[in-house]
Amino acid sequence: MRTGTATRRGYRGPLRAVVLDWAGTMIDFGSMAPARAFVRAFEAHGVVVSVEEARGPMGVDKRTHIARMGAEPAIAARWMATHRGAAMTSEDIDQVHAKFVALEMSLVREHAALVPGARELANALRARGLKIGTTSGYSREIMDVVAELARAQGYAPDASICAGETPSGRPGPLQCYEALVALDVWPVAGCIKVDDTLAGIDEGLNAGMWTVAVAVTGNEVGMTREAWEGLGAMAQRALRQRAYDRLLAAGAHYVIDSVAELPSCIEAIEARLRRGETP
Ligand SMILES: [Mg+2]
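Residues numbered from 1 in each chain as written. Predicted model: local features only at pLDDT ≥ 70, side-chain atom pairs only at ≥ 80, totals over all residues.

S.K.: Summarise the overall build of the protein chain; cite the residues concerned and give the values.
M.R.: When helices and strands are tallied, the protein chain shows 12 helices and six strands. Over its C-alpha atoms, taken along the principal directions, the protein chain stretches across nearly 70 × 55 × 35 Å. Burial statistics for the protein chain: of 279 residues in total, 48% are counted as buried. Taking contacts inside the protein chain between residues at least 6 apart in sequence as the whole, the part at least 24 apart equals 74%. (Helix = DSSP H or I, 4+ residues; strand = E, 2+ residues; numbered from the N terminus. Buried ≥ 20, exposed ≤ 12 C-beta atoms within 10 Å, placed from the backbone. Contact = placed C-beta atoms within 7 Å.)

S.K.: Please provide a residue-by-residue account of the packing of helix H3 (residues 62-71) against helix H4 (residues 73-82), values included.
M.R.: Packed helix pairs are characterised by how far apart their axes lie and by the angle those axes make with each other. The N-to-C vectors of H3 and H4 enclose an angle of 85°; their axes lie 5 Å apart at closest approach. The orientation of H3 with respect to H4, classified from their angle, is roughly perpendicular. Of the residues in H4, those touching H3 at Met69, Gly70 and Ala71 are Ile75, Ala76 and Trp79. (Axes fitted to C-alpha atoms, helices over the stretch in contact; angles between N-to-C directions. Parallel < 35°, antiparallel > 145°, perpendicular 65-115°, else oblique.)

S.K.: Account for helix H5 (residues 90-110), with residues named and values stated.
M.R.: Given 3.6 residues per turn, any residue in an α-helix points the same way as the ones three and four places further on. Along its 21 residues, H5 runs 30 Å from first to last C-alpha, staying within 8% of the 30 Å computed at 1.5 Å per residue. Maximal helix bending in H5 amounts to about 30°, located at Glu104. Among the residues of H5, those classed as buried are Val96, Phe100, Leu103, Glu104, Leu107 and Val108. Those residues of H5 that are buried lie in contact with helix H1 (32-43), H3 and helix H7 (140-151). (Expected span 1.5 Å × (residues − 1). Bend = angle between axes of the 7 residues up to and from the residue.)

S.K.: Can you break down the pairing of strand S5 (residues 210-214) residue by residue, with the values?
M.R.: S5 sits mainly inside the fold: five of its five residues count as buried. In S5, alternate side chains face the same way, and those of Trp210, Val212 and Val214 on one face and Thr211 and Ala213 on the other are all buried. Here strand S4 (residues 191-195) pairs with S5 via four bridges, running parallel. Bridge pairing links Asp195 to Ala213 in S5. (Pairing = 2+ DSSP bridges.)

S.K.: How would you sum up unusual backbone geometry? Please name residues and give values.
M.R.: With an omega of 10°, the peptide bond running from Arg170 to Pro171 counts as cis. Mapping Pro171 onto the fold places it in the loop between strand S3 (159-161) and helix H8 (174-183). Phi angles above zero are rare outside glycine, and Arg84 is one such case at about 50°. With respect to the helices, strands and loops of the structure, Arg84 is situated in the loop between H4 and H5.

S.K.: Give me the packing of H1 against H5: which residues, what numbers.
M.R.: Put simply, H1 and H5 touch, their axes get as near as 8 Å, and they point 140° apart. Taken together, the axes of H1 and H5 lie oblique to each other. Every pair of crossing elements has a handedness; the one defined by H1 and H5 is right-handed. Across the interface between the two elements, Ala33, Pro34, Arg36, Ala37, Phe38, Arg40, Ala41 and Phe42 of H1 pack against Val96, Lys99, Phe100, Leu103, Glu104, Leu107 and Val108 of H5. Looking at the contact of H1 with H5, its residues break down into 11 nonpolar, no polar and four charged. (Left-handed = near helix turned anticlockwise from the far one by under 90°. Nonpolar A, V, L, I, M, F, W, Y, C, P; charged D, E, K, R; others polar.)

S.K.: Could you give me a rundown of the domain arrangement of the protein chain, with the residues and numbers involved?
M.R.: Taken domain by domain, the protein chain holds domain 1 (17-31 + 112-274) and domain 2 (34-110). Placing the centre of domain 1 and that of domain 2 at their C-alpha centroids yields a distance of 24 Å. Residue-level contacts link 21 residues of domain 1 with 14 residues of domain 2. At the level of elements, H7 and helix H9 (198-207) are the ones that each hand at least two residues to the side of domain 1 that touches domain 2. (Domains from an automatic or database assignment.)

As structure tokens, this is what we get:
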């Protein structure tokens, strides 16, 4: 064996791309559409679940999400109580998922508005020469609807990788990698992943990207824009604090209220790259 003497310096260049999540990050303030679709899909099978229970595994692909919900002891007990003592089977999960997809197709239309500042952010990223990729827990059939609704509002990312399009998904990094391939961008240290869920934070960290969490518009606060704006300052502060704490504990490099604040993270990250820091 001989040991090479060349040392390779870490990436110190500018940021190259941002990989954005969809629901709760760029569209659908509060990530309402999937939360409501999970509740109604279980309800259609005779099982009452709370919105909070439906939000627990948010971010992973939707069939896995349903399986995880069904494995929660409280939900598993309710399932058995309404299914003559039988536990949830793989076929049951398929059926709940089919119902979820049908419900989601209409719910995404009701919750497709871009979050405030999202379109301006996308324009600002382009102006800086950054490419825009996306990853999602949504399957392609739902994404086709979501992407068209976003395009009509002026947001059209350069690449979108859906659940099921890589051998494994969140919390693994493969959708992020696939997005970088589609964008023809590297290295990962020059990329930012932005997400509103714990699974999405894991995805970004596992990809080796700078990882930014959005707290207020996403799954952690979990309220529509109208409901959030109707809260008093004290209630907002308490919910914001809880969301920030959970997302920071998940390992996010930065937590912001919404993507409207992302430009300040870009400045901070580029300064860290220039100092030789890596994600
Ligand atoms: Mg999301």
